[in-house]
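Summary of structural features
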Amino acid sequence: MEEEVKKEIVKVEAATKLTSEEEKEIKDKVEEMLGCEIDLEIEVNPDLIGGLKLNIRSTILDISLKSALEKVKQDLIAS
Amino acid sequence: MDKLGIDGQVILAQLVNFGILLLILFKLIYKPVQKVLREGKEKIAESIKLSEKLVKDGENIEKRKKKVLAEADNQGRKMIVAAEKEADGIVAEAKEKTKEEAIKVKKDAEEKIEAQVKEVEKVLETKSIEMAVSLASRILKEAIGKNEEIDRKIVNQSINKLKNIKAD
C-alpha cells in the first residue's frame, strides 16, 4: 500500500476569484520554485486591489497593486 | 703834698692795693664771666645753627612731602586713567560678547524655525502623498472592481511576474 505524501500548502491571496487556468499556472511555478508538489489555499482579498500575494514557507511574495502603490508611496516619502 | 694832707706812701699803698684788687678781680671774676659769656655765645650760635638746620630740614621735608603728594596724585591719576581704560575695555568686551550672544541666539532661533518649517513641510508632504496614494487606491479599486477584463489582466501580469522570479 502506497503511503500518501503530505503536500506543502501555499497560501495565495488574490484580489479577484482566479480561474482554474490561472490557479494551475501559479501552482506549476511555485512547484518549480520549491522542487516539490504543493497544494494551493486560495483566498479572495479585495483589499489587494489587483494582483496576488503568496505565502511560501513563511516568505511573503507580494505582487499586488496595493503593494506596488505602497512602494510608490514609500519612494515618494523617502525622496 | 704834705701841706695838702696827702701822704705819698698811703697813696702808693692804696695804688698797690688797688692793683692787687684789680688783679684779683681780673683773675676771679672777669675770666669766668668771659668764659660764661663765650660759652653762652657758642650755645646761641649752636642753637641758631640747629634752628637753621631744623628750618632747612623742615623745608626739605615740605619739599619731599609735596613731591610725594605730587607723585601720589600723579600715580592716582594714572590709576584712574588705567581703571577707566580697563572699565571701558570690560564694557566693550561685554558689549561684544552680548552682541555675539544675540547673533548666536538669533541664528539658533532661525535654524530652529527653519528646521521646524522643514519638519512641517515634510509632514505635509507625507500626508499629501498618503492622501494621494489612498485616493489612487480607492479609484483603482473602484475602476478595477467594475472591469473584469482589467482584473484578469492584472492577475496575469502578477502571474508573469511570478514566473520571472528565479527559484533559489
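Look above for the structure.
In this report, the structure presented in the accompanying data block is examined. (Residues numbered from 1 in each chain as written. Chains lettered and ligands numbered in written order. Predicted model: local features only at pLDDT ≥ 70, side-chain atom pairs only at ≥ 80, totals over all residues.)

Considerations on unusual backbone geometry
All names here are of chain A. The backbone of Arg 57 sits at a positive phi, close to 45 degrees, despite the residue not being glycine. Inspection of the secondary structure puts Arg 57 in the loop between strand E3 (51–56) and strand E4 (59–64). Of note, Ser 58 is a non-glycine position whose phi angle comes to about 70 degrees, a positive value. By secondary structure assignment, the location of Ser 58 is in the loop between E3 and E4. Taking the number of C-beta atoms within 10 Å as the measure of exposure, Ser 58 has 5 and is therefore exposed. (Helix = DSSP H or I, 4+ residues; strand = E, 2+ residues; numbered from the N terminus. Buried ≥ 20, exposed ≤ 12 C-beta atoms within 10 Å, placed from the backbone.)

Some words on the interface of chain A and chain B
If you look at the interface, chain A gives 21 residues, while chain B gives 18 residues. Elements supplying a minimum of two residues to the side of chain A that touches chain B: helix H1 (20–34), E3 and helix H2 (65–78) of chain A. No other element matches H2 of chain A, which puts seven residues into the side of chain A that touches chain B. Among the residues forming the side of chain A that touches chain B, the class breakdown is twelve nonpolar, three polar and six charged. (Contact = placed C-beta atoms within 7 Å. Nonpolar A, V, L, I, M, F, W, Y, C, P; charged D, E, K, R; others polar.)

Examining the sheet that holds strand E2 (residues 38–44) of chain A
Here we have four strands laid out as an open sheet, ordered E2-E1-E3-E4 (chain A), and mixed in their pairing. Of all the strands in the sheet, just E2 and E4 of chain A have a single pairing partner and so form its edges. Pairs of neighbouring strands in the sheet enclose a mean axial angle of 20 degrees, with direction left out of account. Its contacts with the sheet put H2 of chain A on E3 and E4 of chain A, and the angle it makes with E4 of chain A is roughly 90 degrees. Where helix H2 (residues 148–164) of chain B meets the sheet, its contacts fall on strand E1 (8–14), E3 and E4 of chain A, and the angle it forms with E3 of chain A comes to roughly 40 degrees. (Pairing = 2+ DSSP bridges. Axes fitted to C-alpha atoms, helices over the stretch in contact; angles between N-to-C directions.)

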